[in-house]
Amino acid sequence: MHRKRSEVNAVVERIRSSSSGLDMPRESRMRLLPRLRPNPDAFGSATENFARFMGTPQFLFYMTVFCAVWLLWNTLAPEGLRFDSAAIGFTLLTLMLSLQASYAAPLLLLAQNRQDDRDRVSLKEDRQRAERNLSDTEYLTREIAELRIALREVATRDYVRSELRSVLDEVLETADGQELMLQKRKPRKSSDTATTPRVQPAGRRQSR
């Protein structure tokens, strides 16, 4: 019994020792040189500036002058001062141009990638701006349609004038009718009516 327990404990310890590296964080290794972490924006901006300069006529002119001076020096200069032999086809110049081309291609690709990223962001902003303009246009169209519908129920100047004119005509007609009715109801004064004499009472006589 004691032997079985010791065997189980040994197996458990073995499992713990084998899995200790999974549940414990690994210690960072010591580096001889610090990790190079350049600023992406600054490096990308410098790369774009250099790639833009490579696509200018000035760069082609400077490269042409450099190659011409190289070839003339290694052809016309004294043999002791030459550093690139024409007999082997100017191998050093070929290597330098190949090195320049090998660096120029990644720089151009990096500049192109950054330009693609900017174009993608610009297209996204243009799409969002177009969607906002479309929604604003639809909103303004609905508002204009509602205003047109509302203006149909609003009295215009000509309509108000015509209504006032009709009301004025009705008032004038009513006034004329009332005047005629008053003239008909007014009693006429008869000029040929006889005046009755004044009769004195019988008990009173005039004293002569």
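It should be noted that the structure appears before, not after, this text.
Calculation criteria
Residues numbered from 1 in each chain as written. Predicted model: local features only at pLDDT ≥ 70, side-chain atom pairs only at ≥ 80, totals over all residues. Heavy atoms only, no water. Patch = residues over 30% accessible without salt bridge, like charges linked within 9 Å, V, L, I, M, F, W, Y side chains within 5 Å. Areas by Shrake-Rupley, 256 points an atom, 1.4 Å probe, with all protein chains shown as cover. Salt bridge = Lys/Arg side-chain N within 4 Å of Asp/Glu carboxyl O. Helix = DSSP H or I, 4+ residues; strand = E, 2+ residues; numbered from the N terminus. Axes fitted to C-alpha atoms, helices over the stretch in contact; angles between N-to-C directions. Parallel < 35°, antiparallel > 145°, perpendicular 65-115°, else oblique. Left-handed = near helix turned anticlockwise from the far one by under 90°. Contact = heavy atoms within 4.5 Å. Nonpolar A, V, L, I, M, F, W, Y, C, P; charged D, E, K, R; others polar.

Enquirer: Mind laying out a nonpolar patch on the surface, listing which residues take part and the relevant values?
Expert: Side chains of F66, W73, L81, F83, L92, L95 and M96 sit close together on the surface and give an oily, nonpolar patch of about 680 Å² of accessible area. Among the secondary structure elements, those contributing two or more residues to the nonpolar patch are α4 (57-76) and α5 (91-152). Among the elements that make up the nonpolar patch, the one with the highest residue count is α5 (three residues). Looking at the secondary structure, you find M96 in helix α5.

Enquirer: Explain the packing of helix α3 (residues 40-54) against α5 residue by residue, including any values.
Expert: The relative placement of two packed helices is expressed as an angle between their axes plus a distance between the axes. At a closest axis distance of 9 Å, the pairing of α3 and α5 adopts a crossing angle of 115 degrees. Considered as vectors, α3 and α5 are oriented roughly perpendicular to each other. Where α3 crosses over α5, the handedness of that crossing is left-handed. Here P40, D41, F43, G44, S45, T47, E48, F50, A51 and M54 of α3 lie close against α5, whose contacting residues are Q100, A104, L107, L108, L110, A111, R114, Q115 and R118. Taken together, the residues of the contact of α3 with α5 break down into 10 nonpolar, five polar and four charged.

Enquirer: Tell me what's going on with the packing of α4 against α5, and back it up with residues and numbers.
Expert: Following both chains from N to C, one finds α4 and α5 inclined at 160 degrees, their axes separated by 11 Å at the closest point. Between α4 and α5, the angle falls in the class roughly antiparallel. The chirality of how α4 crosses α5 is right-handed. Facing α4, whose interface residues are F59, M63, F66, C67, W70 and L71, α5 presents L92, L93, M96, L97 and Q100. Grouping the amino acids of the contact of α4 with α5 by side-chain chemistry returns 10 nonpolar, one polar and no charged.

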